[in-house]
Each structure stands twice: as C-alpha cells, then as structure tokens.
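Take a look at the letters that make up each chain.
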Amino acid sequence: MAVDLLLGLQWGDEGKGKIVDVLTQNYNIIARFQGGPNAGHTLVFNGKKHVLHTIPSGIFHDNAINLVGNGVVIDPVIFKGELDKLDEQNIDYKKSLLISRKAHIILPTHRLLDAASEASKGKAKIGSTLKGIGPTYMDKTGRNGIRVGDLELSDWKERYRNLADKHESMIAYYDVDIEYDLKELEDAFFKAIDVLKSLTFIDSEEYIYQAQKEGQSILAEGAQGSLLDIDFGTYPFVTSSNTTAAGACTGLGVAPNQIGDVFGIFKAYTTRVGSGPFPTELFDEDGETMGRVGNEFGATTGRRRRCGWLDLVALKYACQVNGVTQLMMMKGDVLSGFKTLKVCTAYKYKGEEIAHLPYNIEPENVEPIYTEFKGWNEDLTGMSEASQLPSELNDYIAFLEKELEIPITIVSVGPDRKQTIFRN
Ligand code: IMP
C-alpha cells in the first residue's frame, strides 16, 4: 500500500499537527521523517491543548503506531519531557511508539554550538530555534554523528566524549560569550538517555517495507515547511533538513514510487518566524490583526510570528516541488472581518512581472502584485459543513483551486479537532 505524505507548504506553523490528528483514524502508522524539537505540533481536543515536538501527532489515538524515522534528530531531554506529559495523561505509548535506530541524537553541545554560531552571526542570524538542529545535521552529513542504534553498543560513551570535546573546542573558536555548565547538562542528558533506551528501537526502513507489504496504511508527517527546506527554501534562512516530499523518501526509506497522496497544508494567509525574506509581509494594522486573532506565537519558542497576505507564487512553487495532490487550508476563520483580502499572484522582479519564485526574493528585488477579494464578516468557528461557508470565502477558495489546479479538501476553522470542514 502506498505511503501518503502530509507537509507544510509555507514557512512552517501551518497546522500540520492538527490535520495529522484528524486523519490518524484512517491510518495504521504515523511516521515523522525529518526535523526535531524545532517543531511544535499543536493539537486541541476535549478542551485541552497538547504540543508535540518530536513524537508523531498520532500518539493520542489508541490504535496507531507512531514511528520516529531515521531522518529525525532527537534531543533525549526534550523527548523525555514529551513522554512525561503523556504519562501525566495516562497515554500508554510503550507499545505504540517506535524509534529508528538510524535517527541521530542531539547532544547538549550541539545546542551550545547552535547558540554560539547564531551569536557570532550578529545581524545576519538565521533566527534558529536554538535546539541544536543545524549542528546535529552537520555532524550527520560530516559522518561524525551519534545515532540511536549506537546506544546499544558498549563504546558509545567514549564516542560521545570525543565528540563533545571536539564541540567544546569549536565553541571556543566562535569567541562569543556563552555561559554553560556542561556537567549539569550532561546529567540531564544521560538520565534522559536511560528513558529513551526503555523504548523500542527498530530498523525502521524494514519495518515500513513489511508494513506496506501487509497492506497497512502509513501517513508520513512532515515538520517545518517547504520554504524552510535546505535545498528549496529561502537559503540560508532555512532549517537543515529536506522538509519537502523527497525528505520522506530519505527520512523513512520509502521508495519514490511508493508515495501515494501528498497532502499540502497551508494557512489562508502567511506567517514566518525567524529571519529571512517574506515578500507579502505586513507591517500595518492588517498584519497586527492576523497575529492577534490567529494567536501567531511560536509553539516551541513563543516568538511572535511575522504575518502577511497569502503568497500564491510561493505556494505554487511548494505544490510543484512536492507533487501535492490535495490541499488543506488552515485558519480561514482568522480572516473573518477583513473588508478586503489580498492574494499575491505575481512578483515584480527587477522591473519585470514574473509568476515563479526566483533565486532571490529579498525585498529589494521583489515587489508583490496583488489580486483583491471581498472579505466576509461571518464567524466561521462554529461551522461544521461546507454548505455553511460564506460565499466570499467560497470565491477565495475557488480562485486558489483554479490557480493551483489542486482541490482544497479540508478547510479548518479553529484549532479543535471538531472545527474541521471536509469538502468533496
Ligand atoms: P532551526 O531549524 O531551529 O535551526 O531554525 C532555522 C529556521 O527555521 C528559523 O528561522 C526558525 O524560526 C525556522 N523554524 C524551524 N523550525 C520551525 C517550525 O517548526 N516552525 C516554524 N519555523 C521553524
């Protein structure tokens, strides 16, 4: 059976966690394929909010297996924190949570290196979540990393020490003021490693292959968004993994011809957290309203998200790179009350009108060209049927479907599981 993918099409924070949670009833296995605790996937049900960072978003469903794939990087301390929260809610994850032996481990010194690297960049900083993501993927591609499977070997602590010592000399090289107590960080780290070791480690590519052969349904859950992809995002203001569809192949060991549906998640407007270009960013009252009504603060860092109109040029690019087959539009409810809505349908790039994403989208090169739409005043948050949606919103949706040539099959009108409208 083919593996379906779910990914974000913008700069992250699209609401992937909620949709994975909504769709989990259709799947036997939910598998995260990249990223790590830089992600914050928020789920709301039964009046409670849950934030997951590394654990797949199917964990609250009794029957689903949740797999942390080889493409993910794991911070044992944060992972343990997530498990503690599940324990508080009596979620039995011992049998349903599996971890790839090939997933890499974030060391305390990876986080310190992240902080030192960002501090050394000054104004050019990426705005990293400082979770050690970049340095861990650097050690992975540099062939120095420590993997989950290594924890089963007798010499792993020796390898840990060598790598941590090397990191300390690298931190000194940056010559920035970073205060830390490594002994304290390591105490927490090793305690968390013991917890991690009580879980089930697997050869995940083999597990997925066999599950597919047995006809089990699998949903691959992406983190961050396509515009943060290391290759196709707004480099260097990106994360350090492939957040696009290809990342699911390398991050889980799924062959390209085994990919089924690709669900693309996007907000009805655009947000970005951290540095980097954002052509449709708003610095006015409209942007402020989106941020306030949409509660646009990072689930991982609490940072305020930058807000702007929907950028169809960038969205088309993301659909193209991912081969999206179904779209899911989030936070339509946040746009209620705007008299006029704008969608960026082209860029003025170096004096010329273009409709594709160019190499450089810095503000000095790109000016958005907008198409305007009439807004609506109805509160959408209590709606549950497509037939209830205001005609202006239907016009907005129809325009996007026509431009992107992909159906919008879900419109989300609030954070709760129940606030989800399915469209045929
Ligand atoms: P890093 O992945 O923590 O190194 O951060 C690199 C860039 O990606 C920064 O601009 C972050 O704000 C952004 N980023 C990383 N993870 C997420 C996410 O889950 N949602 C939104 N932005 C993210």
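Residues numbered from 1 in each chain as written. Predicted model: local features only at pLDDT ≥ 70, side-chain atom pairs only at ≥ 80, totals over all residues. Heavy atoms only, no water.

**Describing the layout of surface pockets**
Point 1. Size it by volume and the second largest pocket reaches roughly 600 Å³.
Point 2. The wall of the second largest pocket is formed by 27 residues, among which Thr42, Gly294, Arg305, Lys331 and Pro415 lie closest to the centre.
Point 3. Tallied by class, residues from the lining of the second largest pocket come to eight nonpolar, ten polar and nine charged. (1 Å grid on protein atoms, 1.4 Å probe; cavity = no way out; pocket = protein on both sides within 12 Å on 5 of 7 lines; lining within 4 Å. Points joined across faces, edges and corners; volume = space filled by probe spheres on them. Nonpolar A, V, L, I, M, F, W, Y, C, P; charged D, E, K, R; others polar.)

**Some details on the UniProt feature "binding site: Mg(2+)" (unreviewed entry) in the chain**
Point 1. Mapped onto this structure's residue numbering, the UniProt feature "binding site: Mg(2+)" (unreviewed entry) falls at Asp13 and Gly40. On the basis of their most widely separated C-alpha atoms, the annotated residues across 28 residues gather in one place, lying no more than 7.8 Å apart. The annotated residues that sit in the lining of the second largest pocket are Asp13 and Gly40.
Point 2. Along the chain, aspartate 13 falls in the loop between strand S1 (3-8) and helix H1 (16-23).
Point 3. With residues near it in sequence (within four places) discarded, aspartate 13 still touches Lys267, Thr271, Val273 and Arg305.
Point 4. Topologically, glycine 40 is positioned in the loop between strand S2 (29-32) and strand S3 (41-45). (UniProt positions renumbered as here; feature names shortened; annotations may be inferred. Helix = DSSP H or I, 4+ residues; strand = E, 2+ residues; numbered from the N terminus. Contact = heavy atoms within 4.5 Å.)

**Quick look at the sheet that holds strand S9 (residues 200-202)**
Point 1. Judged by pairing direction, the sheet is mixed, and its ten strands sit side by side in the order S9-S7-S5-S2-S10-S1-S11-S15-S19-S20 without closing on themselves. Since the sheet does not close on itself, it has two edges, and those belong to S9 and strand S20 (420-422), each with one partner. Neighbour to neighbour, the strand axes of the sheet diverge by 25° on average, direction disregarded.
Point 2. As paired elements, strand S5 (residues 65-68) and strand S7 (residues 97-100) share three bridges and run parallel to each other. Following the sheet pairing, asparagine 66 is matched in S7 by leucine 97. (Pairing = 2+ DSSP bridges. Axes fitted to C-alpha atoms, helices over the stretch in contact; angles between N-to-C directions.)

**Considering the packing of helix H2 (residues 76-88) against helix H6 (residues 182-197)**
Point 1. The geometry of H2 relative to H6 is characterised by a closest axis approach of 8 Å and an angle of 55° between their N-to-C directions. Judged by the inter-axis angle, H2 sits oblique to H6. You can see that H2 and H6 cross each other, and the crossing is left-handed. Taking contact as the criterion, the partners of Pro76, Val77, Phe79, Lys80 and Leu83 in H2 are, on H6, Ala188, Phe189, Ala192, Ile193, Val195 and Leu196.
Point 2. Here the residues of the contact of H2 with H6 are counted per class, giving ten nonpolar, no polar and one charged. (Parallel < 35°, antiparallel > 145°, perpendicular 65-115°, else oblique. Left-handed = near helix turned anticlockwise from the far one by under 90°.)

**Overview of the UniProt feature "active site" (unreviewed entry) in the chain**
Point 1. Following the UniProt record, the feature "active site" (unreviewed entry) maps to Asp13, His41 and Lys140 here. Spanning 128 residues, the named residues are also spread out in space, since their farthest C-alpha pair is 25.4 Å apart. Considering only the residues just annotated, the second largest pocket is lined by Asp13 and His41.
Point 2. Within the secondary structure layout, histidine 41 lies in strand S3.
Point 3. When sequence neighbours within four positions are dropped, the list of residues in contact with histidine 41 reads Lys16, Gly17, Arg32, His50, Val51, Leu52, Ser57, Glu221, Gly222 and Ala223.
Point 4. Here lysine 140 is to be found in helix H4 (residues 133-141).
Point 5. The class for lysine 140 is partly exposed, based on a relative accessible area of 29%. (Buried < 20%, exposed > 50% of the residue type's maximum accessible area, 1.4 Å probe, protein only.)

**Focus: the site of the ligand**
Point 1. As a matter of local geometry, the ligand sits amid 16 residues, with Asn38, Thr129, Thr239, Val273 and Arg303 nearest to it.
Point 2. Interatomic distance of 3.2 Å between a side-chain N/O atom of serine 128 and an oxygen atom of the ligand.
Point 3. Relative to its unbound accessible surface of 470 Å², the ligand loses 96% to contact with the protein.
Point 4. Across the shell around the ligand, the residue classes tally to six nonpolar, eight polar and two charged. (Near = heavy atom within 4 Å. Polar contact = N/O pair within 3.5 Å; in protein donor to acceptor, adjacent residues only side chain to side chain. Areas by Shrake-Rupley, 256 points an atom, 1.4 Å probe, with all protein chains shown as cover.)

**Topic: empty space enclosed by the protein**
Point 1. Applying the stated criterion across every chain yields a total of one cavity of 30 Å³ or more.
Point 2. Put simply, the largest cavity is a space of about 40 Å³.
Point 3. Lining the largest cavity we find Leu9, Gln10, Trp11, Leu227, Thr270, Asp311, Ala314 and Leu315.

**Describing unusual backbone geometry**
Point 1. In this chain, tyrosine 235 is followed by proline 236 through a cis amide linkage whose omega measures 5°.
Point 2. Structurally, proline 236 can be placed in the loop between strand S10 (218-221) and helix H8 (245-252).
Point 3. In this structure, asparagine 46 takes a positive phi of about 50° despite not being glycine.
Point 4. Along the chain, the position of asparagine 46 falls in the loop between S3 and strand S4 (48-52).
Point 5. Judged by its relative accessible area of 71%, asparagine 46 is exposed.
Point 6. One non-glycine residue, asparagine 295, adopts positive backbone phi at about 50°.
Point 7. Structurally, asparagine 295 can be placed in the loop between helix H9 (285-293) and strand S13 (306-308).

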